[in-house]
Amino acid sequence: MLRRWHVAVLAVLGVLALACDGAGATPEPTSTGGAKKGYPSSMAALGDSITAGYGSCRVFVACSRNSWSTGGADGLDSHYQRILAKNPRIKGHARNFAVPGARSADLAKQAASAVDAKVQYVTILIGANDACGGGADSMTSVKAFRKRVDAGLDRLRDGLPKARILVASIPDVHRLWELAHDDPAAVRAWKLGICPSMLADPTSDSEAAEARRDRVDDRIDAYNDQLGQACEAYGDRCRWDGGGAHGVRFDIDLLNKVDYFHPSVAGQRRLAEVTYPGRITW
């Protein structure tokens, strides 16, 4: 969930992204036989900085090799790696179109990229920046959010009618405040502009501050309701995570130590675990 202040940092650290970005050193599949029936041979990730792996390389850059969806880092157990173990033909065919700072309005454009790539499986995690991108008064309305999500899903349905879609819920940002608002390092990081609608004045217990946090929390809940409904309306090729990502009880070890907001590698691994549709036949 990128803020404007990151631009200068990205210019300085951009070269480091080359070491972190991409699927990286993808582990060999644990099975060298043919693909098990139904497992996709290509995939794409859509979303924002969470799916881009932002901060997971311990610098202010995207680090998609650690993405819960398409990452290939050792020990990550991403969706890509789990599928790879069942279908070696997906190796090298995982694209990450997630962009730090993206909002629901950007989903249709990302979906178009997935269509152009002709992938068979798409993951979507979007919405945190609609709630976090500014003050509480600038949050995307629930109606507009749903309209934009539907536009992205419509683009996928039209362009990839046979693809499987996974829609993940927005993580619990209020939980992050509860977890770390007394941590001096986290407070210092948040003062740089991390999710100000929720995390501004993190140590304040005033009625106004509490009301603002509750308002953002309620908006994220409403977004998640709409994500689930949109996936249901899409049809049987769309799977909702059932609130799995939102339900993760993050602790400090699951947050990176750069901004105390985005998932660490351990946090990305946890998101992969709770969102992977392994209980459902491909």
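Structure: above.
Residues numbered from 1 in each chain as written. Predicted model: local features only at pLDDT ≥ 70, side-chain atom pairs only at ≥ 80, totals over all residues. Heavy atoms only, no water.

### Quick notes on the pairing of strand S1 (residues 43-47)
Within S1, 5 of the 5 residues are buried, which leaves the element mostly enclosed by the surrounding structure. Alternating positions in S1 separate into two faces, Met43, Ala45 and Gly47 on one and Ala44 and Leu46 on the other, with burial throughout. Following the chain from S1 across helix H2 (residues 79-86) to the adjacent parallel strand S2 (residues 94-96), one finds a crossover that is right-handed. (Buried < 20%, exposed > 50% of the residue type's maximum accessible area, 1.4 Å probe, protein only. Helix = DSSP H or I, 4+ residues; strand = E, 2+ residues; numbered from the N terminus. Right-handed = clockwise from strand over helix to strand, strands pointing away.)

### With respect to unusual backbone geometry
At Lys118, a position not held by glycine, the phi torsion is positive, near 55°. Within the element layout of this structure, Lys118 appears in the loop between helix H3 (107-117) and strand S3 (121-125). Residue Lys118 is classed as exposed on the basis of its relative accessible area of 64%. At Tyr260, a position not held by glycine, the phi torsion is positive, near 50°. Residue placement: Tyr260 occurs in the loop between strand S5 (238-240) and helix H10 (265-275). Tyr260 gets classed as buried once you look at its relative accessible area, which sits at 11%.

### Structural notes on the packing of aromatic side chains
The description of an aromatic ring pair uses the distance of the two centres, along with the angle that the planes make with each other. The final tally for this structure, using the stated rule, is 2 aromatic pairs. Seen from their ring centres, Tyr54 and Phe60 are 6.4 Å apart, and the 35° between their planes marks the pair as tilted. Just as Tyr54 is buried, Phe60 falls in that class too. Over the ring of Tyr234 we find Arg157; its NZ or CZ atom is 4.4 Å from the centre of that ring. (Phe/Tyr/Trp six-rings, centres within 6.5 Å; stacked < 30°, edge-to-face > 60°. Lys NZ or Arg CZ within 6 Å of the ring centre and 35° of its normal.)

### Considerations on the state of the cysteines
Tallied over the entire structure, the rule returns 3 disulfides. Disulfide pairing places Cys132 opposite Cys195 at an S-S distance of 2.0 Å. Taking the sign of the torsion about the S-S bond as the criterion, the disulfide between Cys132 and Cys195, at about -70°, is left-handed. With Cys132 in helix H4 (residues 128-132) and Cys195 in the loop between helix H7 (184-190) and helix H8 (196-199), this pair connects stretches of sequence that are 63 residues apart. For the pair shown, Cys132 and Cys195 are each scored as buried. Across a sulfur-sulfur distance of 2.1 Å, Cys231 and Cys238 are joined as a disulfide pair. Judged by the sign of its S-S torsion, about -120°, the cystine formed by Cys231 and Cys238 is left-handed. Pair check on accessibility: Cys231 and Cys238 agree, each one buried. (Disulfide = S-S within 2.5 Å.)

### Details of a negative patch on the surface
The grouping of Asp214, Asp218, Asp221 and Asp225 at the surface amounts to a negative patch. Of note, Asp218 is situated in helix H9 (residues 207-234). (Patch = residues over 30% accessible without salt bridge, like charges linked within 9 Å, V, L, I, M, F, W, Y side chains within 5 Å. Areas by Shrake-Rupley, 256 points an atom, 1.4 Å probe, with all protein chains shown as cover. Salt bridge = Lys/Arg side-chain N within 4 Å of Asp/Glu carboxyl O. Lys, Arg positive; Asp, Glu negative; His and termini not counted. Charge placed at Lys NZ, Arg CZ, Asp CG, Glu CD.)

### Remarks on the layout of surface pockets
If a probe the size of a water molecule is rolled over the atoms, the empty space left behind becomes visible. Counted as a void, the largest pocket has a volume near 230 Å³. If you go around the largest pocket, you meet 13 residues; those closest to its centre are Gln120, Lys162, Ala163, Arg164 and Arg237. In the lining of the largest pocket, the residues fall into 7 nonpolar, 2 polar and 4 charged. (1 Å grid on protein atoms, 1.4 Å probe; cavity = no way out; pocket = protein on both sides within 12 Å on 5 of 7 lines; lining within 4 Å. Points joined across faces, edges and corners; volume = space filled by probe spheres on them. Nonpolar A, V, L, I, M, F, W, Y, C, P; charged D, E, K, R; others polar.)

### Remarks on the sheet that holds S3
One open sheet accounts for 5 strands, arranged S2-S1-S3-S4-S5; its pairing is parallel. Strands with a single pairing partner mark the edges of an open sheet, and in this sheet they are S2 and S5. The average angle at which neighbouring strand axes cross in this sheet is 15°, direction not considered. As paired strands, strand S4 (residues 164-167) and S5 are joined by 3 bridges and run parallel to one another. (Pairing = 2+ DSSP bridges. Axes fitted to C-alpha atoms, helices over the stretch in contact; angles between N-to-C directions.)

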